[in-house]
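Now for the letters of each chain:
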Amino acid sequence: MKKYLFYFFVIPVYLSAQINESDSLKVKASLSFTGIWQSGNVETLILRARTDLSISPWKKWVYKNTNSYVYQAFDKDKADSDFLSLNFLYFNPKKRFYPQALGFISTNFRREIAQRYLVGAGGTYQIIQGKKNWLKASLTVEYEDTDFKRDVFNKTHFNGKNSINTFRSTIWLSGKYELFKKKVILKHESYFQPSLEQSDNYRWQADLSAEFPIWKFLNFKINYLRTFESIVIQDQEEEDQFLTFGFTLKNF
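Below, the structure is looked at part by part. (Residues numbered from 1 in each chain as written. Predicted model: local features only at pLDDT ≥ 70, side-chain atom pairs only at ≥ 80, totals over all residues. Heavy atoms only, no water.)

Remarks on the environment of Lys136
Counted only if it meets this: Under the scheme used here, helices are H or I runs from DSSP no shorter than 4 residues and strands are E runs no shorter than 2 residues, and both carry numbers assigned from the N terminus. Each residue is placed in one exposure class: buried if its accessible area under a 1.4 Å probe, protein chains only, is under 20% of its type's maximum, exposed if it is over 50%, and partly exposed if it falls in between. Two N or O atoms count as a polar contact when they lie within 3.5 Å, although within protein this holds only if one can serve as hydrogen donor and the other as acceptor, and sequence-adjacent residues are included solely when both atoms are side-chain atoms.
By the element assignment, Lys136 lies in strand β7 (residues 134-148). You can call Lys136 buried: its relative accessible area is 3%. In this structure, the C-alpha to C-alpha distance between Lys136 and Trp172, residues 36 residues apart in sequence, is 8.0 Å. Of note is the side chain of Lys136, whose polar atom sits 3.3 Å from the side chain of Tyr98.

Quick notes on the sheet that holds strand β3 (residues 61-74)
Rules: Two strands qualify as a pair provided DSSP detects at least 2 bridges between them. Angles shown run from 0 to 180 degrees and are taken between the N-to-C directions of axes, each axis being a line fitted to C-alpha atoms and, for helices, limited to the stretch in contact.
Strand order in this closed barrel of 12 strands is β1-β2-β3-β4-β5-β6-β7-β8-β9-β10-β11-β12, and the pairing throughout is antiparallel. Within this sheet the neighbouring strands show an average axis-to-axis angle of 20°, counted without direction. Pairing of strand β10 (residues 202-215) with strand β11 (residues 218-229), which is carried by 12 bridges, proceeds in the antiparallel orientation. Each residue of the ladder has a partner; that of Trp215, found in β11, is Leu218.

So, empty space enclosed by the protein
Rule in force here: Two kinds of site are reported from a 1 Å grid over the protein atoms alone, namely cavities, where a 1.4 Å probe fits but cannot get out, and pockets, open sets with protein on both sides within 12 Å along at least five of seven lines, and residues are called lining when an atom falls within 4 Å of a point. Grid points are joined across faces, edges and corners, and a volume is the space filled by probe spheres set on the points.
Under the definition given, this model contains four cavities of 30 Å³ or more. Space inside the second largest cavity adds up to approximately 80 Å³. Looking at the second largest cavity, the residues that line it are Arg116, Glu144, Thr146, Phe148, Ile164, Arg168, Asn201, Tyr202, Arg203, Glu229, Ser230 and Ile231. Elements represented by at least two residues in the lining of the second largest cavity include exactly β7, β8 (163-179) and β10. Here the element with the most residues in the lining of the second largest cavity is β7; it accounts for three residues.

Here's the deal with the nonpolar core
Going by this rule: Throughout, nonpolar core names a set of buried Ala, Val, Leu, Ile, Met, Phe, Trp, Tyr and Cys residues whose side chains join them through atoms within 4.5 Å.
One finds Val62, Leu86, Phe88, Tyr90, Tyr98, Leu102, Phe104, Leu118, Trp172 and Tyr191 forming the largest nonpolar core, which totals 10 residues. Among the elements of the structure, β4 (77-91) and β5 (97-108) are those that each provide at least two residues to this core. Counting seven residues, the second-largest nonpolar core is a separate cluster that includes Ile113, Phe153, Ile164 and Ile233.

Points about the environment of Asn251
Which entries qualify depends on this criterion: When checking whether two residues touch, look at their non-hydrogen atoms; a contact exists if any pair is within 4.5 Å.
Structurally, Asn251 is set in the segment after β12 (239-250). The sequence separation of Asn251 and Phe74 amounts to 177 residues, and the corresponding C-alpha distance is 34 Å. Aside from chain neighbours lying at most four places away, what touches Asn251 is Val27, Lys28, Ala29 and Phe217.

Given below as structure tokens:
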């Protein structure tokens, strides 16, 4: 446990600031690390980490990478150990509308997902453009392959398949708002992701946060994450929620 406390207070391992890819800086990076720890009659540890990196390698092109990690343990028994890597390539993101390509890879311990990858393309529309306040909506189409560790599901017609493949469409909505002369920064990022082939195969996620600047490069952060997947291993819950507290470290 001392090792986890050291990581929690000294070494942030997750960067998250919902970097705006239409910003003019060539390189932007941020780090957020949030969690909850309780000891005594019940020992609980929940950690969330996320890194955001935005690079402009060529004129009018921007590559954006987001890596996130969630860990949970109760009485030292691991309940979650999940990794997600989101990769985007944007063309001319300073425009109000711009195209994008994307590729994701993830694992999920509790949902027994050995590996999931997703590739696709689409476009983003900037509803509100600005450095301090912005709101964006995106529509993308992807191909997805998910490999499970078991083949018995809550929806029985998927039984017997360790791998489930489908084409999806994703509706994204994200935004950032600075309030009270930047004393409070609100951020949100959510998506709805239905299958284009299987009506009962869909998922959604809502990620909400409030940040309170402490220093130019350091914010205190409160983060709420809620996720839902319609297809899960038998006897598992379809929905998860996390409320965590921590910090965001950034270079801008």
